[in-house]
Amino acid sequence: MVVNIERLYSKSAKMLKASEIRELLKITQIPDMISFGGGLPNPSAFPVDIIHKCSEKIFKGEIKNALQYGTTEGLHLLRGALAERMKKHKSINCELHNIMITTGAQQALFLSAFCFLDPNDTYLSSVPTYLGAVQAFSAFQANCESIPMTEVDIDIDSLRRNLKRLHKTGINPKFLYTVSNFQNPSGETISLSHRKELLEIASEYDFLIIEDDPYGELIFEGESIPPIKSFDKKGRVIYVSTFSKILAPGFRLGWIVASKEILDKLVLAKQAADLCTNVFSQYVAYEYINGGYLDKQVLEIKKMYKRKRDIMLKALEIYFPKSVKWTVPKGGMFIWITLPKRVNTSLMLQKAIAKKVAYVAGSAFYPEGGNYFSMRLNFSYSEDNTIKEGIRRLAEVINDELSKTYKEEPVLQEGV
Ligand SMILES: Cc1ncc(COP(=O)(O)O)c(C=O)c1O
């Protein structure tokens with residue numbers, strides 16, 4: 001008898017959708033394709049020699065535990081080193097019992113959703129937002145209420161309006177999800193005053209904040225702003241970060257900082273999911289911090305990504321038409337492009353791919369749809385010399401599109 005597998009899937013499994021970005025990553029494997037699509041770190045930022053050094057003790061047989069099962073919370077040494085780092089670099093007041101090592105930040109988001117979302121629950125998310133978070137949250141059949149980002153910050157007025165409206169209908173969101181620094185996808189950062197205000201509003205309406213911060217260390221200019229978590233005295237913020245952008249995503253190492261109460265629940269959820277995070281990677285990451293390599297490596301990565309950002313910004317100035325706007329991120333890996341409203345970047349993508357340049361259409365970052373006239377460009381992955389050429393190709397596609405929908409004179413200059 002043929003198995004009718006659809007009939008057997010759980011409701012949650014039926015909710016799962018293929019990510020547009022993961023699909024796009026396949027296209028970007030085509031030779032000569034210049035991809036600004038994926039959100040990948042540059043492979044030359046992976047500290048291979050340092051990783052080799054940090055693994056030596058394991059290969060000499062000095063750390064047998066590195067090959068054994070570990071505790072669900074994670075390696076004691078690594079959690080201690082992270083607690084120190086969180087205090088020193090982020091002003092987050094935390095102890096060992098506030099930290100759990102996860103299989104990437106992605107698992108931290110999934111476990112948080114597992115612990116707090118029931119079907120038909122509501123959560124808030126600033127938009128545009130990280131697609132992976134929406135994917136994790138929608139597995140629990142929850143509803144997203146989008147809070148827009150203005151040109152420079154999260155739209156607090158819209159948050160208050162939405163909360164009042166929800167409150168009237170008896171809906172109390174469980175949490176607000178936001179990426180506080182150099183957001184994926186927009187490159188924007190939430191200001192200090194808005195961070196404090198978010199926490200006040202969360203307290204007023206009694207919801208949690210999931211603060212996702214994978215890019216905070218990758219700051220190119222200006223002062224870094226303390227995380228929302230650093231102002232949290234009541235255990236209302238779940239802070240999430242990762243080694244993916246400061247060591248290597250292949251290690252699959254992230255961490256959560258939360259109140260002991262929340263963390264204990266998250267530990268139980270993780271135990272059910274995978275018992276523990278990869279212990280080998282955790283030992284290497286501990287040596288990476290303890291040996292003083294992390295700080296030096298972060299400086300190298302920042303230098304490289306700032307250079308790539310500047311090349312991309314300069315190319316945008318030269319090649320892109322005046323009617324196109326973009327963010328100037330002070331760190332991270334992404335620039336957000338806003339085109340005139342009549343351009344549909346999802347439809348335009350095929351034309352871009354035909355010219356061997358790829359991006360992610362903006363609508364992918366809106367859980368409730370919309371904003372089809374924007375796009376995300378990643379500047380960390382491409383080689384310096386291909387960034388310029390990729391932007392030139394993309395400008396050609398955009399100019400072509402605009403010439404069909406607009407009277408505007410396309411601008412196309414030579415040379416960067
Ligand atoms: C905002 C954000 N959160 C979480 C993740 C997932 O990170 P990890 O590789 O640690 O799972 C990413 C990955 O790009 C991201 O951009």
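All of the points below concern the structure found in this document. (Residues numbered from 1 in each chain as written. Predicted model: local features only at pLDDT ≥ 70, side-chain atom pairs only at ≥ 80, totals over all residues. Heavy atoms only, no water.)

### A closer look at the overall build of the chain
Each helix and strand counted, the chain has 14 helices and 13 strands in total. Over its C-alpha atoms the chain spans a radius of gyration of 22 Å, differing by no more than 12% from the 22 Å that the globule rule assigns to 416 residues. When the backbone C-alpha atoms are referred to their principal axes, the chain occupies close to 65 × 60 × 60 Å. Contacts in the chain between residues far apart in sequence, at least 24 positions, make up 76% of those at least 6 positions apart. Total accessible area on the chain is roughly 19,200 Å²; 54% of this is exposed by carbon and sulfur atoms. Side-chain charges in the chain split into 54 positive and 47 negative, and the spacing between the mean points of these groups amounts to 1 Å. (Helix = DSSP H or I, 4+ residues; strand = E, 2+ residues; numbered from the N terminus. Rg over C-alpha atoms; globule rule 2.2 N^0.38 Å. Contact = heavy atoms within 4.5 Å. Areas by Shrake-Rupley, 256 points an atom, 1.4 Å probe, with all protein chains shown as cover. Lys, Arg positive; Asp, Glu negative; His and termini not counted. Charge placed at Lys NZ, Arg CZ, Asp CG, Glu CD.)

### Observations concerning the pairing of strand β2 (residues 99-102)
Taking every second residue as pointing to the same face, both faces of β2 are buried, with Ile99 and Ile101 on one and Met100 and Thr102 on the other. As paired elements, β2 and strand β8 (residues 254-257) share 4 bridges and run antiparallel to each other. Following the sheet pairing, isoleucine 101 is matched in β8 by tryptophan 255. (Buried < 20%, exposed > 50% of the residue type's maximum accessible area, 1.4 Å probe, protein only. Pairing = 2+ DSSP bridges.)

### Digging into the pattern of salt bridges
One pass over the full model with this rule turns up 24 salt bridges. In this structure, lysine 351 and glutamate 401 form a salt bridge, with 2.9 Å as the shortest nitrogen-oxygen distance. Placement of the pair is lysine 351 in helix α13 (residues 345-354) and glutamate 401 in helix α14 (residues 384-405), with a sequence separation of 50 residues. The class of glutamate 401 is buried, set by a relative accessible area of 11%. (Salt bridge = Lys/Arg side-chain N within 4 Å of Asp/Glu carboxyl O.)

### Looking at the layout of surface pockets
In this structure, the largest pocket spans a volume of roughly 1,000 Å³. Surrounding the largest pocket, 44 residues form its lining, Val152, Phe182, Gly187, Glu188 and Thr189 being those nearest its centre. Looking at the lining of the largest pocket, the elements with two or more residues in it are α5 (76-90), α12 (293-319), β9 (325-326) and β10 (334-338). For the lining of the largest pocket, the residue count by class is 18 nonpolar, 14 polar and 12 charged. (1 Å grid on protein atoms, 1.4 Å probe; cavity = no way out; pocket = protein on both sides within 12 Å on 5 of 7 lines; lining within 4 Å. Points joined across faces, edges and corners; volume = space filled by probe spheres on them. Nonpolar A, V, L, I, M, F, W, Y, C, P; charged D, E, K, R; others polar.)

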